[in-house]
Amino acid sequence: MRTVHPPAFHEKLANALEPIRQGIVAQVIFQLFETGIYDCLETSPAAPATIADRLGLDVTRLESLVDYCIVEDLIVDYNGALRATDRLRAFAEFRPWFELLVGGYGRTALEIGSVLANGALYCSRNTTLVGKGSTGISQFDTIPIVRKLLHDIDDFDLLVDVGCADAAYIIDLCRSRPALQAIGIEPNRAAAISAKARIEDAGLSQRASVEITDFQTYLQSDATPSPAVSRPACYLMAFVLQEMVAQAGISAVTTTLRRLAEGPAKYVVVIEVDYRRRDQVLLGGLGRAYYNPYFLFHRFTKQQLLPREQWEKLFLDAGFRIRDTAQPDLGVDPTRLEVGYLLSAV
């Protein structure tokens, strides 16, 4: 009879270290994107010294990073010229998810233990990268949702994008609607500066502007479109209400939305996430890989997701009716956790 030997200690250790290895690989991939190394490898493969000179990097440290990446099949050395591997190119298609989860929420994961004992404390996050990653992801899911919801709606000529990040929605809608004017509201200065630059690069600076302020301040300012002004407006709120609910409470958010329903907003487009705790959809695929950490990080960073029925009650209590809903294409996101709403005043 064949004798079965138990795994050696080093084999068990290697298996136990696998989650740590994968976490480090994710961090390194993000850094290859963020530092410009990946783009340099793709556009003009070269020796480490040449890449270091182009990007202003220390060549000794770059060589150490390259050594690691060669072992992990991320970079290959062809006779002294570094190139990205097919494995790294495959990850590059999903760069925004690395920006959001690794760049935006990386520090959040490290701080969870320090706030577990005190519900009044929250972990930090890189809001610039959270916004950048989120709007990058939007090209795949939420921008198509907004297009779908507004496809047959043409009786507004002003878009107010609340929390506009890098202006991805503004640019997309202004390109498809030649008469549309747009205002972006963005409290994060770095994101707002990026939004202004992207609007200018798109040739839309005569039609779109960005206010560096929070939404409540904007509503109380003279810049807010008045109901007396004949200028129908559509407000876009993509993943904004989850922050407002956590920071101000459902009652205050209802009041804010009611002000929109009674005044400047002809339409409001809201995109939010259906908070289905411990749902079967979280046990595999995109549910486990994306939404499970997404749910975790939101609870620890002063953001509050609500179940779909609570979002819809909030809209109704604020004086809106739900004209239409839309969700991402099943080939992009089959979880049905992300929902877009087209609202109009009752």
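Everything quoted here is computed from the prediction, not taken from an experiment. (Residues numbered from 1 in each chain as written. Predicted model: local features only at pLDDT ≥ 70, side-chain atom pairs only at ≥ 80, totals over all residues. Heavy atoms only, no water.)

J.: So what exactly am I meant to see when it comes to the layout of surface pockets here?
T.: By rolling a water-sized probe across the atoms, one finds the places where empty space is left. Within this model, the largest pocket holds a volume of roughly 860 Å³. Every residue lining the largest pocket is counted, 44 residues in all, and those nearest its centre are Gly163, Ala238, Phe239, Val240 and Glu243. Listing elements by their share of the lining of the largest pocket, those giving two or more residues are α9 (127-138), β3 (158-162), α13 (215-219), α14 (241-248), α15 (250-262) and α16 (285-300). The class makeup of the residues in the lining of the largest pocket is 21 nonpolar, 16 polar and seven charged. By volume, the second largest pocket is sized at about 460 Å³. (1 Å grid on protein atoms, 1.4 Å probe; cavity = no way out; pocket = protein on both sides within 12 Å on 5 of 7 lines; lining within 4 Å. Points joined across faces, edges and corners; volume = space filled by probe spheres on them. Helix = DSSP H or I, 4+ residues; strand = E, 2+ residues; numbered from the N terminus. Nonpolar A, V, L, I, M, F, W, Y, C, P; charged D, E, K, R; others polar.)

J.: I keep staring at helix α10 (residues 142-150) and nothing clicks. Help me out?
T.: In an α-helix there are 3.6 residues to a turn, and that puts residues three or four apart on one side. For α10, the set of buried residues is Thr142, Ile143, Ile145, Val146, Leu149 and Leu150. Taken end-on, α10 shows its buried residues confined to a sector of 155°, consistent with a single buried face. Residues of α10 that are buried sit in contact with α9, α11 (168-176), β6 (233-238), β7 (265-273), β8 (320-326) and β9 (338-345). (Buried < 20%, exposed > 50% of the residue type's maximum accessible area, 1.4 Å probe, protein only. Arc of directions from axis to C-beta. Contact = heavy atoms within 4.5 Å.)

J.: Help me out: how do you make sense of the environment of Val102 in this one?
T.: Tracing the chain through its elements places Val102 in helix α7 (residues 95-104). Residue Val102 is classed as buried on the basis of its relative accessible area of 15%. Residues Val102 and Leu282 lie 180 residues apart in sequence; the distance between their C-alpha atoms is 20 Å.

J.: Where do I start with the nonpolar core in this structure?
T.: Note on soluble globular proteins: their nonpolar side chains tend to be buried together. With 48 residues, the main nonpolar core has Leu150, Ile170 and Phe295 as its most contacted residues. Here the element with the most residues in this core is α11; it accounts for six residues. Counting 31 residues, the second-largest nonpolar core is a separate cluster that includes Phe215, Val245, Ala261 and Trp311. (Core = buried A, V, L, I, M, F, W, Y, C linked by side-chain atoms within 4.5 Å.)

J.: Hey, could you run me through the environment of Ala345 in this one?
T.: Tracing the sequence through the fold places Ala345 in strand β9. Measuring from C-alpha to C-alpha, the distance between Ala345 and Gln303 comes to 26 Å, with 42 residues separating the pair along the chain. Excluding its chain neighbours within four sequence positions, the residues that come into contact with Ala345 are Ala261, Lys266, Gly319 and Phe320.

J.: How do you make sense of unusual backbone geometry when you look at a structure like this?
T.: For residues besides glycine, phi is generally negative; the peptide bonds are generally trans as well. One non-glycine residue, Asn79, adopts positive backbone phi at about 50°. If you trace the backbone, Asn79 turns up in the loop between β1 (75-78) and β2 (81-84). The phi dihedral of Ala167 is positive, around 70°, even though this residue is not glycine. A relative accessible area of 0% means that Ala167 is categorised as buried.

J.: Mind showing me how you'd approach the sheet that holds β8 here?
T.: In a beta sheet, neighbouring strands pair by backbone hydrogen bonds and run either parallel or antiparallel. Strand order in the open sheet formed by seven strands is β5-β4-β3-β6-β7-β9-β8, with mixed pairing between adjacent strands. Looking along the sheet, the strands with just one partner apiece sit at the ends: β5 (208-211) and β8. Pairwise comparison of adjacent strand axes, ignoring direction, gives a mean angle of 20° for this sheet. Inspection of the sheet shows β8 paired to β9 by six bridges, in the antiparallel sense. If you follow Asp324 over to β9, its bridge partner there is Leu342. (Pairing = 2+ DSSP bridges. Axes fitted to C-alpha atoms, helices over the stretch in contact; angles between N-to-C directions.)

J.: Which parts of the structure should I look at to understand the packing of α14 against α15?
T.: To describe two helices that pack against each other, one gives the angle between their axes and the distance between the axes. At a closest axis distance of 7 Å, the pairing of α14 and α15 adopts a crossing angle of 125°. On the basis of the axis angle, α14 is oblique to α15. Residues Leu241, Met244, Val245 and Ala248 of α14 form the contact with α15, whose participating residues are Ile250, Ala252, Val253, Thr256 and Leu257. Its residues assigned to classes, the contact of α14 with α15 comprises eight nonpolar, one polar and no charged. (Parallel < 35°, antiparallel > 145°, perpendicular 65-115°, else oblique.)

J.: Please explain a nonpolar patch on the surface as it appears in this structure.
T.: A contiguous nonpolar patch, built from Phe9, Leu13, Leu17, Ile20 and Ile24 and spanning about 490 Å² of accessible area, is present on the exposed surface. Of note, Leu13 is situated in helix α1 (residues 9-16). (Patch = residues over 30% accessible without salt bridge, like charges linked within 9 Å, V, L, I, M, F, W, Y side chains within 5 Å. Areas by Shrake-Rupley, 256 points an atom, 1.4 Å probe, with all protein chains shown as cover. Salt bridge = Lys/Arg side-chain N within 4 Å of Asp/Glu carboxyl O.)

J.: Whenever I open this one, the confidence of the model for the protein confuses me. Can you help?
T.: Residues with a pLDDT of 70 or more make up 97% of the protein, whose mean pLDDT is 94. Here residues 226-230 is modelled with pLDDT under 50, and outside its nearest four sequence neighbours on either side it reaches two contacts, counting other chains as well. (pLDDT = per-residue confidence, 0-100.)

J.: I keep staring at the packing of aromatic side chains and nothing clicks. Help me out?
T.: Aromatic ring pairs are reported here in terms of the distance separating the ring centres and the angle at which the planes meet. Within the structure shown, the criterion is met by 14 aromatic pairs. The interplanar angle of 85° and the centroid separation of 5.8 Å between the aromatic rings of Phe33 and Phe98 together place this pair among those described as edge-to-face. Of this pair, Phe33 sits in helix α2 (residues 18-34) while Phe98 is found in helix α7, placing the two residues 65 residues apart along the sequence. The exposure classification of Phe33 matches that of Phe98, with both residues buried. In this structure an aromatic cluster arises from ring pairing among Tyr275, Tyr290, Tyr291, Tyr294 and Phe295. (Phe/Tyr/Trp six-rings, centres within 6.5 Å; stacked < 30°, edge-to-face > 60°.)

J.: I'm lost on the pattern of salt bridges in this one. Help?
T.: Pairing between side chains of opposite charge can happen when their charged atoms approach one another. Counting across every chain of the model gives 15 salt bridges. With a shortest N-O distance of 3.5 Å, Arg198 and Asp166 are connected by a salt bridge. Pair noted here: Arg198 is in helix α12 (residues 189-201) and Asp166 is in the loop between β3 and α11, with a separation of 32 residues, a long-range link. Bridged by salt links that share partners, the residues Glu18, Arg21, Glu72 and Arg87 form one connected network.

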